[in-house]
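Read off the chains here:
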Amino acid sequence: QVQLVESGGGLVQAGGSLRLSCAASGRSFSSYHMGWFRQAPGKEREFVTAISQFGGSTVYADSVKGRFAISRDNAKKTVYLQMNSLKPEDTAVYYCAAKTGVFTTARRTEVYEYWGQGTQVTVSS
């Protein structure tokens, strides 16, 4: 099993930056592909970005490409989400998630086996 705890959320002005962290506990962190998702009020949870087990592959939603960057440190069992040029529409609860299996399904919410509790990101205009 993997337990995931997000941190780093907060309130930021449009154009600002935040760095989210997701710390994992349990064994074999490097066995998991890691993803970030977000959910705004009244909307479905949506894919943001994902990174493969050893960081060799990443994928991004079009809405964040060029502004967000995912990375991981397997020694620290932590995945990061650097968010730059934030927009009010980025306001949401951000969740990290872990999955095994193939990386090609990383955009799909339903394939993730473990989820964190989420951290709120609010971007003011």
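Note: the structure precedes this text.
Fair warning: this is a prediction, and the values are worked out from it, not measured in the lab.

### A few points about the overall build of the chain
- A tally of helices and strands in the chain yields zero helices and eleven strands.
- When its helices and strands are written in sequence order, the chain yields β-β-β-β-β-β-β-β-β-β-β.
- A globule of 125 residues ought to have a C-alpha radius of gyration of about 14 Å, and the chain, at 13 Å, matches this closely.
- If one aligns the C-alpha atoms of the chain with their principal axes, the spans along those axes are about 40 × 25 × 25 Å.
- Relative to its full complement of 125 residues, the chain shows a buried share of 45%.
- In the chain, the proportion of contacts linking residues at least 24 apart, taken out of those at least 6 apart, comes to 60%.
- Counting only carbon and sulfur atoms, one obtains 48% of the accessible surface of the chain, whose full area is about 6200 Å².
- Counting 14 positive and 9 negative side-chain charges, the chain places the centres of these two groups 6 Å from one another.

### Side note on the packing of aromatic side chains
- Counting across every chain of the model gives six aromatic pairs.
- Between Tyr-95 and Trp-115, the aromatic rings sit 6.5 Å apart at their centres with planes inclined by 80°, giving edge-to-face as the arrangement. One end of the pair, Tyr-95, is in strand β9 (residues 92-99); the other, Trp-115, is in strand β10 (residues 114-115), with 20 residues separating them in the sequence.
- Clustering of aromatic rings is evident, with ring pairs tying together Phe-37, Phe-47, Tyr-95, Tyr-112 and Trp-115.
- Positioned over the ring face of Tyr-80 is Arg-19, at 4.0 Å from the centre of the ring.
- Its guanidinium or amino end placed over the ring of Trp-115, Arg-45 lies 4.8 Å from that ring's centre, counting from NZ or CZ.

### Let's talk about the state of the cysteines
- The final tally for this structure, using the stated rule, is one disulfide.
- Between the sulfur atoms of Cys-22 and its disulfide partner Cys-96 the distance amounts to 1.9 Å. Note on the Cys-22 and Cys-96 pair: the S-S dihedral is about 50°, so by sign convention the disulfide is right-handed. Within this pair, whereas Cys-22 is found in strand β3 (residues 18-25), its partner Cys-96 is found in strand β9, the two being separated by 74 residues in sequence.

### Here we look at unusual backbone geometry
- You will see that Ser-28, though not glycine, has its phi angle at about 60°, which is positive.
- Relative to the helices and strands, Ser-28 is located in the loop between β3 and β4 (33-39).
- Classification of Ser-28 by relative accessible area gives partly exposed; the value is 42%.
- Even without a glycine there, the phi angle at Ser-85 is positive, about 50°.
- Along the chain, Ser-85 turns up in the loop between β8 (78-83) and β9.
- Looking at Ser-85, the relative accessible area reads 41%, which means it is partly exposed.

Rules used in this analysis
All residue numbers here refer to positions counted from 1 along the written sequence of the relevant chain. This being a predicted model, a pLDDT of at least 70 is required before a residue's local features are given, and a value of 80 or more before pairs of side-chain atoms are given or counted; all residues contribute to the totals for chains, interfaces and linings. The side-chain quantities take in all heavy atoms of the structure and omit both hydrogens and water. In DSSP terms, a helix is any run of H or I states spanning at least four residues, a strand is any run of E spanning at least two, and both are numbered starting from the N terminus. Our radius of gyration is a C-alpha quantity, and the globule rule it is checked against amounts to 2.2 Å times the number of residues to the power 0.38. Type-normalised accessible area, obtained with a 1.4 Å probe on protein chains alone, sets the label of each residue: buried when under 20%, exposed when over 50%, and partly exposed for intermediate values. In this analysis, two residues are considered to be in contact whenever any of their non-hydrogen atoms come within 4.5 Å of each other. Per-residue accessibility takes into account occlusion by the displayed protein chains alone, with areas from the Shrake-Rupley method and a 1.4 Å probe. This count recognises Lys and Arg as positive and Asp and Glu as negative, with His and chain-terminal groups excluded. One atom stands in for each charge, and that atom is NZ of Lys, CZ of Arg, CG of Asp or CD of Glu. We call Phe, Tyr and Trp rings a pair once their centres come within 6.5 Å, taking the six-membered ring for Trp, and we label the pair stacked below 30 degrees between planes, edge-to-face above 60, and tilted otherwise. Any Lys NZ or Arg CZ found within 6 Å of a ring centre and within 35 degrees of that ring's normal is scored as a charge over the ring. Only a pair of cysteine sulfur atoms within 2.5 Å counts as a disulfide in this structure description.

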